[in-house]
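Structural overview
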Amino acid sequence: MTYLVTGAAGFIGAALAKRLLDEGNRVVTIDNLSTGIKGNIPAGCEFIFGNTYDPDILKQLDAYKFDAIFHIAGQSGGVTCWDDPLYDMNSNITSTLLLLDYAKRSGCKTFVYASSMSVYGDENPCPVREGDALEPKTFYAVGKIASEYYMRIYSQQYGIKCTALRFNNVYGPGQNMENLRQGMVSIYMAYAIKDRHIPVLGAKNRYRDFVYIDDTVEACVLASRGKEPALYNVYTTATNRKTTCEQLIEIIRKNLPFDFTVTYEGNTLGDQFGIFCSYEKIYNALGWEPKVSLEQGIKIMADWALKAVKPGEQ
Ligand SMILES: NC(=O)c1ccc[n+]([C@@H]2O[C@H](COP(=O)([O-])OP(=O)(O)OC[C@H]3O[C@@H](n4cnc5c(N)ncnc54)[C@H](O)[C@@H]3O)[C@@H](O)[C@H]2O)c1
């Protein structure tokens, strides 16, 4: 099989591309290396450098025929979306529209998209479910919702099977430990290792639902192979477990061979206070469930990060 995985220089895209390559498939990626690192792109993955919202870059895809498109690239942070809202919109909306249009032109019938739990905002009771209200608090979340609606229309009008996966916080080895503005686990772990101090932006009782990278990759693969009767599907990848910032930091502490201090100050624009989600829908439809507990996943990640990150590098 031949797959397009956009964003394979980034955390999730790289892990997904590697999984597909390891299975013996051909994998092509487009990445602008904005938050991704060229060295992350797995060996054997064909690399097109550029923006996923640039029609001239997408023209290069005419040389291929894809069995499925995994659109994973995107402006990947709620915090960073305020820096340049137009870039955020192009990366997270225009790119999806252009890639869907490419799928239609080229006859690709399967499209999987990296959406986000940020679409739910803060208004729903937990555990949040797919039918709950969409209450975006950031431009980033607006982009994810818009992309989902474009997918719905491409499914209805052009018969492309589109699946939006609303990821909860993904973590694990390979996360960018230099990017201190995206990824709660990687930010805290990077500060702990480099500075022996974590300056948390926000309250200790904020909470999230953390999903290990391999479980997230598995959801992408299952979504591309699902046999559901509906052409358009939305699922949330989640563990149905509430973990506060303070609890997360205590798990990190148990897995590092030194102690560190923590301060809780300030906040970030548009931050959700707390969310965890049900995974009942994706379990019933695709048989997906989280396999790696937060305790196991943080241990694996800490062992990796202790080798990958040098103290005092910041
Ligand atoms: N990591 C999470 O917890 C999480 C949660 C929910 C949703 N997501 C979504 O999953 C996707 C991947 O996230 P990640 O954690 O791997 O982030 P990441 O920043 O590590 O990866 C994103 C990749 O996309 C590339 N990219 C960004 N804009 C681009 C553009 N316009 N053209 C080409 N390439 C572009 C980056 O260079 C990077 O390699 C993103 O769409 C993100 O919004 C991630």
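In this text the structure is predicted, and so the values were computed from the model without any measurement.

1. Concerning the sheet that holds strand β2 (residues 26-31)
Reading across from one edge, β3-β2-β1-β4-β5-β6-β11 is the order of the 7 strands in this open sheet, with parallel pairing throughout. With one partner strand each, in any of the chains shown, β3 (46-49) and β11 (232-237) form the two edges of the open sheet. Across the sheet, the mean angle separating the axes of adjacent strands is 20 degrees when strand polarity is ignored. By the bridge criterion, 3 bridges tie strand β1 (residues 2-6) to β2 in an arrangement that is parallel.

2. Some thoughts on the nonpolar core
Formed by 62 residues in total, the largest nonpolar core has its most connected members in Leu16, Phe70, Leu165, Tyr188, Met189, Leu248 and Ile298. For this core, the element with the highest residue contribution is helix α5 (residues 184-195), accounting for 9 residues. Counting contributing residues per domain, this core is built from domain 1 (2-170 + 211-237) and domain 2 (176-208 + 240-271 + 292-308), each supplying no fewer than three. When sequence neighbours within four positions are dropped, the list of residues in contact with Tyr188 reads Ile198, Val200, Arg206, Cys245, Leu248, Ile249 and Ile252. One finds Leu100, Tyr102, Tyr113 and Ile160 within the second-largest nonpolar core, a separate group that totals 23 residues.

3. Some details on the domain arrangement of the chain
Segmentation of the chain into domains returns domain 1 (2-170 + 211-237) and domain 2 (176-208 + 240-271 + 292-308). If you average the C-alpha positions of domain 1 and of domain 2, the two centres end up 25 Å apart. Facing the 17 residues of domain 1 at the interface are 15 residues of domain 2. Around 1,400 Å² of area is buried between domain 1 and domain 2 when both sides are counted, 54% of it from carbon and sulfur atoms. Counting every contact that joins domain 1 to domain 2 gives 1 salt bridge. Between Asp83 and Arg181 there is a salt bridge, with the nearest N and O atoms lying 2.8 Å from each other. Tallied by class, the residues present in the side of domain 1 that touches domain 2 amount to 7 nonpolar, 6 polar and 4 charged.

4. Looking at the site of the ligand
Surveying the vicinity of the ligand reveals 32 residues, the closest of which are Asp31, Thr35, Ser76, Tyr140 and Val170. Between the ligand and Ile72, the relevant distance is 2.9 Å, taken from an oxygen atom to a main-chain nitrogen or oxygen of the residue. Residue Tyr140 places a side-chain N or O atom 2.7 Å away from an oxygen atom belonging to the ligand. Elements supplying a minimum of two residues to the shell around the ligand: α1 (11-22), α3 (85-106), β5 (110-116), α4 (139-158) and β7 (169-171). Top contributing element to the shell around the ligand by residue count: β5, with 3 residues. Partitioning the shell around the ligand into residue classes produces 12 nonpolar, 18 polar and 2 charged.

5. A word on the environment of Asn267
Mapped onto the elements of the fold, Asn267 is located in the loop between β13 (261-265) and α8 (280-286). Asn267 sits in the exposed class, given a relative accessible area of 61%. Distance from Asn267 to Ala8, taken between C-alpha atoms, is 30 Å for residues 259 residues apart in sequence. For Asn267, the residues in contact, after removing those within four places along its chain, are Leu201 and Gly202.

6. Things to note about the environment of Thr163
Following the sequence through the fold, Thr163 ends up in strand β6 (residues 161-167). Looking at Thr163, the relative accessible area reads 0%, which means it is buried. Placed 52 residues apart in sequence, Thr163 and Phe111 show a C-alpha to C-alpha distance of 6.3 Å. Contact partners of Thr163, with chain neighbours within four places excluded, come to Phe111, Val112, Tyr113, Met151, Ala223, Asn233 and Tyr235.

Scoring rules and cut-offs
- Residues numbered from 1 in each chain as written.
- Predicted model: local features only at pLDDT ≥ 70, side-chain atom pairs only at ≥ 80, totals over all residues.
- Heavy atoms only, no water.
- Pairing = 2+ DSSP bridges.
- Helix = DSSP H or I, 4+ residues; strand = E, 2+ residues; numbered from the N terminus.
- Axes fitted to C-alpha atoms, helices over the stretch in contact; angles between N-to-C directions.
- Core = buried A, V, L, I, M, F, W, Y, C linked by side-chain atoms within 4.5 Å.
- Buried < 20%, exposed > 50% of the residue type's maximum accessible area, 1.4 Å probe, protein only.
- Domains from an automatic or database assignment.
- Contact = heavy atoms within 4.5 Å.
- Buried area = accessible area lost by both parts, 1.4 Å probe.
- Salt bridge = Lys/Arg side-chain N within 4 Å of Asp/Glu carboxyl O.
- Nonpolar A, V, L, I, M, F, W, Y, C, P; charged D, E, K, R; others polar.
- Near = heavy atom within 4 Å.
- Polar contact = N/O pair within 3.5 Å; in protein donor to acceptor, adjacent residues only side chain to side chain.

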